[in-house]
Amino acid sequence: MTWKIGCWGHGNSNARRVADRLVQALGCEMVDFHGQPDAPVPTQLIMVVTTLGDAEVNEVIERFVLARQAEFGDFAVIEIGNYYGFDDWAFGSSDRVRKYLTSMGKHEVMTR
């Protein structure tokens, strides 16, 4: 099995830039869920997620995870976001995605 990077960002977004760099660094493929929302979920997925506001999950990612949770296998979450004005850096959207998927019995392979 091969790890794949899952990205929901458009071509100029920070999430897409991070995903592109991970693909280059790890020598793996990217699944562009922004352009192909119905693409199969890889059995090993590194998710690049963004945080909006105070630990809010991007609506597109939230809908994706809720609708397609049964397709997930092993996963890892990498979060990027803007925390200006918040003192607690430990709880962003990745924490919510991570807790939801593990509560559904999915296997997280990378933790903080």
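Residues numbered from 1 in each chain as written. Predicted model: local features only at pLDDT ≥ 70, side-chain atom pairs only at ≥ 80, totals over all residues. Heavy atoms only, no water.

Visitor: Lay out the overall build of the chain with the relevant residues and their values.
Guide: Helix and strand content of the chain: three helices and six strands. Each helix (α) and strand (β) of the chain, taken in turn from the N terminus, gives the series β-α-β-β-β-α-β-α-β. In the chain, buried positions account for 42% of the 112 residues. Taking the intrachain contacts of the chain between residues at least 6 apart in sequence as the baseline, contacts between residues at least 24 apart amount to 69%. When the accessible area of the chain is evaluated, it comes to approximately 6600 Å², of which 52% is carbon and sulfur surface. (Helix = DSSP H or I, 4+ residues; strand = E, 2+ residues; numbered from the N terminus. Buried < 20%, exposed > 50% of the residue type's maximum accessible area, 1.4 Å probe, protein only. Contact = heavy atoms within 4.5 Å. Areas by Shrake-Rupley, 256 points an atom, 1.4 Å probe, with all protein chains shown as cover.)

Visitor: Would you mind going over the nonpolar core in detail, with residue names and values included?
Guide: One finds M47, V65 and F72 to be the most contacted residues of the largest nonpolar core, which totals 17 residues. Those elements that provide at least two residues to this core are β3 (44-52), α2 (59-68), β5 (74-81) and α3 (93-103). When neighbours within four sequence positions are excluded, F72 is seen to be in contact with V41, L45, M47, F64, V65, L101 and K106. If you look at the next biggest cluster of nonpolar residues, it comprises 11 residues, including L22, C28, I46 and V48. (Core = buried A, V, L, I, M, F, W, Y, C linked by side-chain atoms within 4.5 Å.)

Visitor: Describe the packing of aromatic side chains, with residues and values.
Guide: Per the stated rule, a full pass over the model turns up four aromatic pairs. Both rings, one in W8 and one in F33, keep their centres 5.0 Å apart while their planes meet at 20°; by these two values the pair is stacked. A residue pair is termed long-range when its members are at least 10 positions apart, and W8 in the loop between β1 (4-7) and α1 (14-26) and F33 in the loop between β2 (29-32) and β3 qualify at 25 residues. In this structure, W8 and F33 share a single accessibility class: buried. Ring plane angle 75° and centroid distance 6.2 Å describe the contact between F64 and F72, whose orientation is recorded as edge-to-face. Comparing F64 with F72, the two get one shared label, buried. (Phe/Tyr/Trp six-rings, centres within 6.5 Å; stacked < 30°, edge-to-face > 60°.)

Visitor: Hey, could you go over α2 for me, with residue numbers and the actual values?
Guide: I61, F64, V65 and R68 are the residues of α2 that are buried. With its buried residues spanning 95° around the axis, α2 presents them on a single face. The exposed set on the far side of α2, more than 90 degrees from its buried face, consists of E59 and A67. Looking at the buried residues of α2, the elements they touch are β3, β4 (56-57) and α3. Among the residues of α2, the N-terminal cap falls to N58, whose side-chain oxygen and the backbone nitrogen of V60 are separated by 2.8 Å. (Arc of directions from axis to C-beta. Polar contact = N/O pair within 3.5 Å; in protein donor to acceptor, adjacent residues only side chain to side chain.)

Visitor: Before we move on, can you summarise the pattern of salt bridges with the specific residues and values?
Guide: In total, this model carries seven salt bridges according to the counting rule given. Across the salt bridge formed by E71 and R68, the nearest N and O atoms sit 2.9 Å from each other. Between E108 and R98 there is a salt bridge, and its shortest N-O distance comes to 2.4 Å. A residue pair is termed long-range when its members are at least 10 positions apart, and E108 in strand β6 (residues 107-108) and R98 in helix α3 qualify at 10 residues. R98 shares its class with E108; the two are buried. Overlapping salt bridges bring together R16, D20 and D32 as one network. (Salt bridge = Lys/Arg side-chain N within 4 Å of Asp/Glu carboxyl O.)

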